[in-house]
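Observations on chain architecture
Listed here are the chains, written in short residue letters.
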Amino acid sequence: MKWNYGKQLLFTVLLIFLSNVLSTLLQHWIYRNIGFFLCGLIWLFHPVMAGTQEPTKKQLNQIRFWCSGILFLIAIFTRSYAY
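Report on the accompanying structure. (Residues numbered from 1 in each chain as written. Predicted model: local features only at pLDDT ≥ 70, side-chain atom pairs only at ≥ 80, totals over all residues. Heavy atoms only, no water.)

1. Thoughts on the packing of helix α2 (residues 30–45) against helix α3 (residues 57–77)
Worth spelling out the cut-off: Here the axes come from fitting lines to C-alpha atoms, over the contacting stretch only for helices, and the angles between their N-to-C directions go from 0 to 180 degrees. Starting at the N terminus, helices and strands are each numbered in turn, a helix being any DSSP run of H or I of at least four residues and a strand any DSSP run of E of at least two. By the definition adopted for this analysis, an angle is roughly parallel if under 35 degrees, roughly antiparallel if over 145, roughly perpendicular if from 65 to 115, and oblique otherwise. Contacts are residue-level and defined by heavy atoms, with any inter-residue pair within 4.5 Å sufficient. For this scheme, ten residues count as nonpolar: Ala, Val, Leu, Ile, Met, Phe, Trp, Tyr, Cys and Pro. Four count as charged, namely Asp, Glu, Lys and Arg, and the remainder, Gly too, count as polar.
At a minimum axis separation of 8 Å, α2 and α3 run at an interaxial angle of 170°. Compared by their axis directions, α2 and α3 come out roughly antiparallel. For the pair α2 and α3, contact is made by R32, N33, F36, F37, C39, G40, L41, W43 and L44 and by I63, R64, C67, S68, L71, F72, I74 and A75, respectively. For the contact of α2 with α3, a count of residues per class yields 12 nonpolar, three polar and two charged.

As structure tokens, this is what we get:
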């Protein structure tokens, strides 16, 4: 199955949502951070671009850097203690 931008973005949002629910139910912040980290890995290893045109190598590397980098930073520097 080949993932397009919409499917990958939906999977990312669902994974973050489920990790937040798991974090709240089990009352530990690490599950939320694991969810963001896994989403960063998804964007790092499978970068996709919105639109119908074929992306260039430079564009894919920028997606890898910015999307996964932002998700990794969120995973590293945030905590959620809303129980």
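There is more to say, and it comes next.
2. Some points on the side chain of T12
Where we set the bar: To sort residues, take the accessible area from a 1.4 Å probe on protein chains only and compare it with the maximum for the residue type: under 20% means buried, over 50% means exposed, and anything in between is partly exposed.
Within the element layout of this structure, T12 appears in helix α1 (residues 5–26). Judged by its relative accessible area of 5%, T12 is buried. Every residue in contact with T12, bar those within four places of it in the chain, is listed here: C39 and W43.

3. A short note on a nonpolar patch on the surface
The criterion, for reference: By definition, no residue in a patch forms a salt bridge, and every one has over 30% relative accessible area; like charges are joined within 9 Å, nonpolar side chains (Val, Leu, Ile, Met, Phe, Trp, Tyr) within 5 Å. Only the protein chains shown count as cover for residues, with accessible areas throughout obtained via the Shrake-Rupley method and a probe of 1.4 Å. We define a salt bridge as a contact between a side-chain nitrogen of Lys or Arg and a carboxyl oxygen of Asp or Glu at a distance within 4 Å.
There is a patch of nonpolar side chains on the surface, built from F17, L18, V21, L22, L25, L26, I30, Y31, I34 and L38 and spanning about 890 Å² of accessible area. Breaking the nonpolar patch down by element, the ones donating at least two residues are α1 and α2. With respect to the helices and strands, L18 occurs in helix α1. Classification of L18 as exposed rests on a relative accessible area of 54%.

4. Quick word on unusual backbone geometry
Phi at Q27 takes a positive value of approximately 55°, unusual for a residue other than glycine. Tracing the backbone through its elements, the reader meets Q27 in the loop between α1 and α2.

5. Brief notes about the packing of aromatic side chains
The following threshold applies: Stacked, tilted and edge-to-face are the three classes assigned to paired rings of Phe, Tyr and Trp, where Trp is represented by its six-membered ring and a pair needs centres within 6.5 Å; plane angles under 30 degrees give stacked, over 60 edge-to-face, the rest tilted. Either the NZ atom of lysine or the CZ atom of arginine qualifies as a charge over a ring when it sits within 6 Å of the ring centre and within 35 degrees of the ring normal.
Counted under the stated rule, the structure contains four aromatic pairs. Between R79 and the ring centre of W29, over which it is positioned, the NZ or CZ distance is 3.8 Å.

6. With respect to the packing of α1 against α2
The criterion, for reference: Take the far helix as your reference; a near helix turned counterclockwise from it by less than a right angle gives a left-handed crossing, and one turned clockwise gives a right-handed crossing.
Between α1 and α2, the least distance of the axes is 7 Å, while the angle of their chain directions is 165°. The angle between α1 and α2 falls in the class roughly antiparallel. Regarding α1 and α2, the two cross each other, and that crossing is right-handed. On the side of α1, the interface is formed by Y5, Q8, L9, F11, T12, L15, I16, S19, N20, L22, S23 and L26, while α2 contributes Y31, R32, G35, F36, L38, C39, I42 and W43.

7. Quick look at the environment of L71
Turning to its location among the elements, L71 is positioned in helix α3. Discounting chain neighbours no more than four positions away, the residues touching L71 are I16, F36, C39, G40 and W43.

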